[in-house]
Amino acid sequence: MAIPTYATTGQRIWYYGFRVICGLIFFFLIAPILVIIPLSFNAEDFFTFTPKMLAFDPEGYSLKHYRDFFTNSDWQQALRNSVSIAPVATILSVGFGTLAAIGLSSEHVPFRRAIMAILISPMIVPLIISAAGMYFFYSRVGLQGTYLGVVLAHAALGIPFVIITVTATLVGFDRSLTRAAASMGADPVRTFFKVQMPLILPGVISGALFAFITSFDEVVVVLFVGSAGQKTLPWQMFIGLREQISPTILAVATLLVVISIALLATVEMLRRRSERLRGMSPG
């Protein structure tokens, strides 16, 4: 929105100053990513810009780190583990998180604020504490170092995102629609899938995308509850930084950035669609 012509000098200073401050904060947050992307095309095995790169010499750029990622067996095994763990964890997060959000949205549920605080606590408690707690619990029940244990741990981390997004969508939901469906003979399950689910679907999908990103990028919990057989992509990147400084990490990071941008763009599209649907809802 443009500044009005009748704005005072102080208002104009604040108008432009606020935008400059926001621009500087945005640059501070985005600068590390802007550095990683060109470095991933480095023709040398360095984490710094070479003279040829700074001179924009084509010989200073190469796709060899991307080729190493797609041909190296360790990286591909880590990718397969991430791809096999994240979707299952996302499905569990969406299922449990959506049901919890719908249940907690009812005013008749006792202690719903306390229950909500407990369910979203994985977002508040430091991750290292959650990982240590999961490790001691899983070691007692036999889930430590198993595929199921890693999936359940990632699902627990993703559930809070689903609860928050679905709850936000339910705020604008017109409950008279479910009462109308019930008055016409629809059972609760049919009412949910035919009436409620289509309207809250943008929030469900948004939560699923956040849960997927959380599982796909998570490294601390999998270090505690996983084993070498469940070595995920972030775990492999961590090993690459600790044991062998491999520039392939930069290529993987660039690919993850591209995937994250695509998913966040999808979330924004769904958010706008949700707003349009709520605007069409009566009341």
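Conventions we followed
Residues numbered from 1 in each chain as written. Predicted model: local features only at pLDDT ≥ 70, side-chain atom pairs only at ≥ 80, totals over all residues. Heavy atoms only, no water. UniProt positions renumbered as here; feature names shortened; annotations may be inferred. Helix = DSSP H or I, 4+ residues; strand = E, 2+ residues; numbered from the N terminus. Rg over C-alpha atoms; globule rule 2.2 N^0.38 Å. Buried < 20%, exposed > 50% of the residue type's maximum accessible area, 1.4 Å probe, protein only. Contact = heavy atoms within 4.5 Å. Areas by Shrake-Rupley, 256 points an atom, 1.4 Å probe, with all protein chains shown as cover. Lys, Arg positive; Asp, Glu negative; His and termini not counted. Charge placed at Lys NZ, Arg CZ, Asp CG, Glu CD. Salt bridge = Lys/Arg side-chain N within 4 Å of Asp/Glu carboxyl O. Core = buried A, V, L, I, M, F, W, Y, C linked by side-chain atoms within 4.5 Å.

Per an unreviewed UniProt entry, the protein is named Putative spermidine/putrescine transport system permease protein, and its organism is Vannielia litorea. As its UniProt record puts it under Sequence similarities (unreviewed entry), the protein is described as follows: "Belongs to the binding-protein-dependent transport system permease family."

Points about the overall build of the protein
Each helix and strand in the protein was counted, giving 13 helices and zero strands. In the protein, the succession of α and β elements from N to C terminus is α-α-α-α-α-α-α-α-α-α-α-α-α. By the compact-globule yardstick of 19 Å for 283 residues, the protein is too spread out, its C-alpha radius of gyration being 24 Å. Along the first, second and third principal axes, the C-alpha atoms of the protein reach 70 × 70 × 30 Å. Residues counted as buried form 38% of the 283 residues belonging to the protein. Pairs at least 24 residues apart make up 67% of the contacts formed inside the protein by residues separated by at least 6 positions. Counting every atom, the protein has about 16,600 Å² of accessible surface; 71% of that belongs to carbon and sulfur. Charge centroids of the protein, computed over 20 positive and 14 negative side chains, lie 12 Å from each other.

Points about the pattern of salt bridges
Evaluated as defined, the whole model comprises two salt bridges. Put simply, lysine 64 and aspartate 45 hold a salt bridge, and the shortest N to O gap is 3.1 Å. You can see lysine 64 sitting in helix H3 (residues 64–71) and its partner aspartate 45 sitting in the loop between helix H1 (9–39) and helix H2 (51–54), a full 19 residues away along the chain. Of the residues examined, lysine 64 reaches a relative accessible area of 27% and is grouped as partly exposed. Between lysine 52 and glutamate 59 there is a salt bridge whose closest N-O contact spans 3.4 Å. Lysine 52 gets classed as partly exposed once you look at its relative accessible area, which sits at 41%.

Regarding the nonpolar core
By size, the foremost hydrophobic cluster in this structure holds 15 residues, and its most contacted members are Met134, Tyr138, Val150, Ala153, Val221 and Val225. It is helix H8 (residues 147–171) that contributes the most residues to this core, four residues altogether. Residues within four places of methionine 134 in sequence aside, it is in contact with Ala153, Ala156, Leu157, Val221 and Val225. Ranked by size, the runner-up nonpolar core spans 13 residues in total, among them Ala101, Leu170, Phe192 and Met197.

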